[in-house]
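Structural characterization, general
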2 protein chains.
Amino acid sequence: MSIVFDNVFEIHCENVVERSAIGRHAPVKSRNSGVFCATVSEVMTPQTGIPGIANAQQPQSPGEPSSARVTINDVARAAQVSVSTVSKVVNGRYGVAPATIAKVHQVISELGYETSLVASSLRSTRTNIIGILVAEFEPFSLGLLNGISATLRGTQYDLMAYAGNLSPEGHAGWERRSLSRLGGTLIDGAIIVTPTVEVPHSSVPVVAIDPHAGPEMPIAIDVDNHSGAYTATRHLLDLGHRRIGHIRGRGDLASAHLREQGYRQALEEAGVEFDGQLSHDGDYQHDAAVQAAHDLLDLPQPPTAIFAANDLSALAALQVAGERGLQVPGDLSIIGFDDIPAAAQSSPPLSTVRQPLHEMGAQAVNMLLGLLAGEDVRSPGHLPAVLVPRETTGPARTS
Amino acid sequence: MSIVFDNVFEIHCENVVERSAIGRHAPVKSRNSGVFCATVSEVMTPQTGIPGIANAQQPQSPGEPSSARVTINDVARAAQVSVSTVSKVVNGRYGVAPATIAKVHQVISELGYETSLVASSLRSTRTNIIGILVAEFEPFSLGLLNGISATLRGTQYDLMAYAGNLSPEGHAGWERRSLSRLGGTLIDGAIIVTPTVEVPHSSVPVVAIDPHAGPEMPIAIDVDNHSGAYTATRHLLDLGHRRIGHIRGRGDLASAHLREQGYRQALEEAGVEFDGQLSHDGDYQHDAAVQAAHDLLDLPQPPTAIFAANDLSALAALQVAGERGLQVPGDLSIIGFDDIPAAAQSSPPLSTVRQPLHEMGAQAVNMLLGLLAGEDVRSPGHLPAVLVPRETTGPARTS
DNA sequence: CAGGTCATGTCAATCGTTTTCGATAACGTT
DNA sequence: AACGTTATCGAAAACGATTGACATGACCTG
């Protein structure tokens, strides 16, 4: 198996058709115009003589798609034990002799038995599926997804993804499907990354991830906005800057306030008096940030550095600086917050402070697993944002 | 419900706790240090007098998390019909009197019954889940995911996501979990976006999405690499460029060849003779592209425009141009391929040719649904790449 | 009015597991 | 030698739905 990336957005498949040593090449059916729509059938290779169970249907046309699934009954029969025993072996429960265990395992691998998740879910009332609700698949959820799926690997759980972008048909689809699943029968627990007002009637444990929670909202996992902003500002101060502008985030979001507070605290600790003129309105969006950057730079005594409440705003400021013929970081240092992918791609690459998305996802999973295990989970606290100095920050001019 | 984005990477939650009018505020349990880990219990409000079914357990402490799930039996009993009838009503099958249907529906909504997907899957041998296998959650799969999940909405299917990045523990996890699911019992069909060599023993229909398939590989869905490259090159030609460089993609990938062929065909049709010096090695990666760009620009007669086989390479070229003090597009026009998110963020924003990821995802779903319905699906052919002219391409200097 | 059709419903088997509980045999103890 | 303990295993009842076969009237036809 080899995986080849064209950075992060190109994927290459070398070969998708079955090449396993045992079995044989799977038949590719319905192959019109170079299309690959195959129904690869499982080919069984019973090596012990279990009559009439695996090879009952083997028509002349090789490899019909069907082929009765191997059940626990088949295994039990072949191993000459009861289904209960097979179940015990499969689930590693106590009370079966070593010899029996070995035999059952052998038969299982010979028959290629795989336990039916559906059937076992029905009986055990756990589906071993956790759901994630995102508003949309975008870079933010993406980082989380990677963390979540990586953490889930190695556990018994699979990940069901619900995207609730409400573009075309309103949110009828989302509401009826995704949210109903929370109270439904399919998932054991959920991680929500959506700005929904209500999570109705959930009968399963839920963990919320949210970088921009409102002040009154209970939070599960988020980044330490305050200390991240502090770090960013401190970075600027350490480079000798004293007039440091700030482009704020959305005023109704807690993160924006926390980030501004971090900024002000850093200034204060450095003995730099806060100048209201230097903290300018923004809303985390591009346009407002452009305006803010202009206003900042139009000041009679403009800042030598800007801390923007998020990368998008920082990128906007970077663009404004370019338009004005300012050298970055020569004439103006800029630092953002989030470390979105585009931050590394700008020219010059943007200094910023990173949200540990992967880690946040991992923490969310761990919390959820704890809840599912009935443990008394506790919040990991705010996750640290780490400084990512790149090339938009440099020493203050000593003139 | 309100959704607020800080562009595409910030999500804001206003309130996650239940606020439904019926029922009551759900209890938030385990609330240490501002954490939100709630088990919101479904509160039933039986309005007809169905004795002893919904309110059996109602301890003094309000809202215990549990509460026996209401099953089809409960509904049947309450509606005074048989379970078969309820089943028929739920599944809209023929043979139930209108009055009965109404009654059952009423009871269902009163009791808040939701069919157990697990149980119905067991009997009907369909799980109504389709799986997607991605190598990693990155921008490419992201676009697909959006298309896929949007298309899936409105169908009966849910989406199970498997990421197979093989970072930490090798690919043991991926192999044993994700791929085994293909032959397993959980999903009805799969869309694979992974560079795996083997898809072993799949007993379900599979559709492959792949932008960079090797020449011999059967393909389900991909973009028209040839015509996309043709379009990009043509764009440059239309702007008056005649010396057009090309930074190639990975030599072992079909897409790279197709893109180069498209480039050469456009030149040919415009009566511009192909100059081998102008087509330079690359591998879709940043570093090689930087080298290629330098080589191209070091030519005694350097190109006035460059078509890079992907955006990453184009961005690299853009950076090289900047380092060399070249104005883009004044001195040099650049166009890429893919339209990755970073393309819109560069300065100046990168002209490129877009892969219709959303559409590709939708097509994949439609093909898969067709296969699942037993239809004779056929490939939609290569999807068109569309020109996205931004600001890195301009008229050729007439000197 | 006997027999047939149609519209409605119900019965009971079934899907593949898990899990409780009892049966059996082997063994060690007095 | 009789009895109590273990260790091992199987029988059978769930789990919650689907489904085809059948039952029951009502209604129609000739």
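Below: a short report on this structure. Remember, predicted model here, so these are calculated numbers, not experimental data.

Thresholds applied
- Residues numbered from 1 in each chain as written.
- Chains lettered and ligands numbered in written order.
- Predicted model: local features only at pLDDT ≥ 70, side-chain atom pairs only at ≥ 80, totals over all residues.
- Heavy atoms only, no water.
- Helix = DSSP H or I, 4+ residues; strand = E, 2+ residues; numbered from the N terminus.
- Buried < 20%, exposed > 50% of the residue type's maximum accessible area, 1.4 Å probe, protein only.
- Contact = heavy atoms within 4.5 Å.
- Areas by Shrake-Rupley, 256 points an atom, 1.4 Å probe, with all protein chains shown as cover.
- Salt bridge = Lys/Arg side-chain N within 4 Å of Asp/Glu carboxyl O.
- Axes fitted to C-alpha atoms, helices over the stretch in contact; angles between N-to-C directions.
- Parallel < 35°, antiparallel > 145°, perpendicular 65-115°, else oblique.
- Left-handed = near helix turned anticlockwise from the far one by under 90°.
- Nonpolar A, V, L, I, M, F, W, Y, C, P; charged D, E, K, R; others polar.
- Pairing = 2+ DSSP bridges.
- Right-handed = clockwise from strand over helix to strand, strands pointing away.
- Polar contact = N/O pair within 3.5 Å; in protein donor to acceptor, adjacent residues only side chain to side chain.
- Near = heavy atom within 4 Å.
- Core = buried A, V, L, I, M, F, W, Y, C linked by side-chain atoms within 4.5 Å.
- Phe/Tyr/Trp six-rings, centres within 6.5 Å; stacked < 30°, edge-to-face > 60°.
- Lys NZ or Arg CZ within 6 Å of the ring centre and 35° of its normal.
- Expected span 1.5 Å × (residues − 1).

**A short note on the overall build of chain A**
Secondary structure assignment for chain A yields 12 helices and 13 strands. In chain A, which comprises 399 residues, the proportion classed as buried is 55%. Sequence separation of 24 or more characterises 69% of the internal contacts of chain A that already satisfy a separation of 6 or more. Per element, the accessible surface of chain A, about 16,200 Å² overall, is 51% carbon and sulfur.

**Structural notes on the pattern of salt bridges**
For the structure shown, the criterion picks out 20 salt bridges over all chains. Its salt-bridge partner being B:Arg77, residue B:Asp74 comes within 3.5 Å of it at the nearest N-O pair. Here the residue B:Asp74 and the residue B:Arg77 both occupy positions in helix H1 (residues 72–79), the gap between them amounting to 3 residues, near one helical turn. Here the salt bridges share partners, and the residues they tie into one network are A:Arg248, A:Glu260 and A:Asp281.

**Examining the packing of helix H4 (residues 117–124) of chain A against helix H4 (residues 117–124) of chain B**
Contact pair H4(A) / H4(B): the axes reach a minimum separation of 8 Å and the direction vectors enclose 135°. With respect to their mutual orientation, H4(A) and H4(B) come out oblique. Once H4(A) is placed against H4(B), the crossing between them reads as left-handed. Here A:Val118, A:Ala119, A:Ser121 and A:Leu122 of H4(A) come into contact with H4(B), specifically with B:Val118, B:Ala119, B:Ser121 and B:Leu122. Residue classes in the contact of H4(A) with H4(B) are distributed as 6 nonpolar, 2 polar and no charged.

**Focus on the pairing of strand S7 (residues 205–208) of chain B**
Residues and elements named next belong to chain B. Residues of S7 alternate between two faces, with Pro 205 and Val 207 on one and Val 206 and Ala 208 on the opposite face, all of them buried. Where strand S6 (residues 189–193) lies against S7, 3 bridges are found, and the strand directions are parallel. If you follow Ile 192 over to S7, its bridge partner there is Ala 208.

**Considerations on the pairing of strand S8 (residues 244–247) of chain A**
Regular strands place side chains that alternate from one sheet face to the opposite one. All names here are of chain A. Judged by which residues are buried, S8 turns out to be covered on both faces: Ile 244 and His 246 on one side and Gly 245 and Ile 247 on the other are all buried. Pairing between S8 and strand S10 (residues 305–308): 4 bridges, direction parallel. When the sheet's bridge partners are listed, Ile 244 is paired in S10 with Ala 305. Both S8 and strand S9 (residues 279–280) contribute to a ladder of 2 bridges, which runs parallel. The residue bridging His 246 from the neighbouring strand is Ser 279, located in S9. In this region the chain leaves S8, passes through helix H8 (residues 254–269) and returns to the parallel neighbour S9; the handedness of that crossover is right-handed.

**Things to note about the sheet that holds strand S11 (residues 333–335) of chain B**
Residues and elements named next belong to chain B. Read from one edge to the other, the open sheet built from 4 strands follows the order S9-S8-S10-S11, with strand pairing classed as parallel. In this open sheet, the two edge strands, each paired with only one partner strand, are strand S9 (279–280) and S11. Contacts from helix H8 (residues 254–269) reach strand S8 (244–247), S9 and strand S10 (305–308), with the element oriented near 170° to S8.

**Things to note about the environment of B:His382**
Residue and element names in this part refer to chain B. For His 382, the location among the structural elements is in the loop between helix H12 (357–372) and strand S13 (386–388). Sequence separation between His 382 and Asp 222 is 160 residues; the distance between their C-alpha atoms is 5.4 Å. Side-chain polar atoms of His 382 contact the side chain of Asp 222, separated by 2.4 Å.

**Description of the protein's contact with DNA strand C**
The environment of DNA strand C is formed by 27 residues, the closest being A:Ile72, A:Arg123, B:Ser84, B:Thr100 and B:Arg123. Sugar plus phosphate, as a fraction of atoms of DNA strand C within 4 Å of the protein: 62%. Note that a base nitrogen of DNA strand C is positioned 2.5 Å from one of the side-chain N or O atoms of B:Ser84. One of the backbone nitrogen or oxygen atoms of B:Ala97 is found 2.7 Å away from a phosphate oxygen of DNA strand C. Mapped onto the surface near DNA strand C, the elements with two or more residues apiece are helix H1 (72–79), helix H2 (83–90) and H4 of chain A together with helix H2 (83–90) and H4 of chain B. Top element by residues in the surface near DNA strand C is H4(A). It accounts for 4 residues. Considering only residue class, the surface near DNA strand C consists of 9 nonpolar, 13 polar and 5 charged.

**What to know about the sheet that holds S9(A)**
Two pairing modes exist for strands in a sheet, parallel and antiparallel, and in both the strands are linked by backbone hydrogen bonds. All names here are of chain A. Within the open sheet, the 4 strands sit side by side as S9-S8-S10-S11. Their pairing is parallel. Each edge of the open sheet carries a strand with a single partner, namely S9 and strand S11 (333–335). Judged from the 3 bridges that link them, S10 and S11 form a sheet pairing that is parallel. If you follow Ala 305 over to S11, its bridge partner there is Ser 333. On the sheet, helix H7 (residues 225–238) packs against S8, S10 and S11 and is oriented at approximately 170° with respect to S10. Of the strands in this sheet, S8, S10 and S11 are in contact with helix H10 (residues 311–323), which crosses S11 at around 160°.

**As for the nonpolar core**
Of all hydrophobic cores here, the largest spans 126 residues; its most connected members are A:Ile132, A:Ile191, B:Ile132, B:Ile191, B:Ile247 and B:Met360. Not counting residues within four places of it along the chain, the set of residues in contact with A:Ile132 comprises A:Leu145, A:Ile148, A:Leu159, A:Met160, A:Ala161, A:Tyr162, A:Ile191 and A:Val193. Core analysis: the next-biggest nonpolar cluster, separate from the first, contains 42 residues, A:Ile247, A:Leu278, A:Ala293 and A:Val320 among them.

**Regarding the packing of aromatic side chains**
All told, the structure shown has 4 aromatic pairs over all chains when counted by the stated rule. Note on A:Tyr263 and A:Phe307: the rings are 6.3 Å apart at their centroids and 35° apart in plane angle, and the pair reads as tilted. With A:Tyr263 in helix H8 and A:Phe307 in strand S10, the pair connects residues that are 44 residues apart, well separated along the chain. On the accessibility criterion, A:Tyr263 (0% relative accessible area) is buried. Put simply, the rings of A:Tyr263, A:Phe274 and A:Phe307 pair up and form one aromatic cluster. Geometry around B:Phe337 places B:Arg259 over its ring, the cationic atom sitting 3.7 Å from the centre. One Lys or Arg, B:Arg264, reaches over the ring of B:Phe274 and ends 3.7 Å from the middle of that ring.

**Thoughts on the protein's contact with DNA strand D**
Close contacts around DNA strand D come from 28 residues, with A:Thr85, A:Ala97, A:Thr100, B:Ile72 and B:Ser87 the closest. Taking all atoms of DNA strand D within 4 Å of the protein, the share assigned to sugar and phosphate is 62%. Between DNA strand D and A:Ser82, the relevant distance is 2.7 Å, taken from a phosphate oxygen to a main-chain nitrogen or oxygen of the residue. Elements supplying a minimum of two residues to the surface near DNA strand D: H2, helix H3 (98–111) and H4 of chain A together with H2 and H4 of chain B. Per-element accounting of the surface near DNA strand D gives the leading share, 4 residues, to H4(B). Taken together, the residues of the surface near DNA strand D break down into 10 nonpolar, 13 polar and 5 charged.

**A word on the side chain of B:Ser351**
Residue and element names in this part refer to chain B. Its place among the elements puts Ser 351 in the loop between helix H11 (341–345) and strand S12 (352–354). Residue classification places Ser 351 among the buried residues on the basis of a relative accessible area of 0%. Leaving out residues up to four positions away in the same chain, Ser 351 has contacts with Ile 334, Ile 335, Gly 336, Val 388, Pro 389, Arg 390, Glu 391, Thr 392 and Thr 393.

**Structural notes on H8(A)**
Counting along an α-helix, one turn takes 3.6 residues, and residues three or four places apart therefore face a common direction. Residue and element names in this part refer to chain A. Between its terminal C-alpha atoms H8 stretches 22 Å, which fits the 22 Å expected from 16 residues at 1.5 Å a residue. Within H8, burial applies to Ala 254, Ser 255, Ala 256, Arg 259, Glu 260, Gly 262, Tyr 263, Ala 266 and Leu 267. The first or second residue beyond H8 is Gly 271, which carries a positive phi of 75°.

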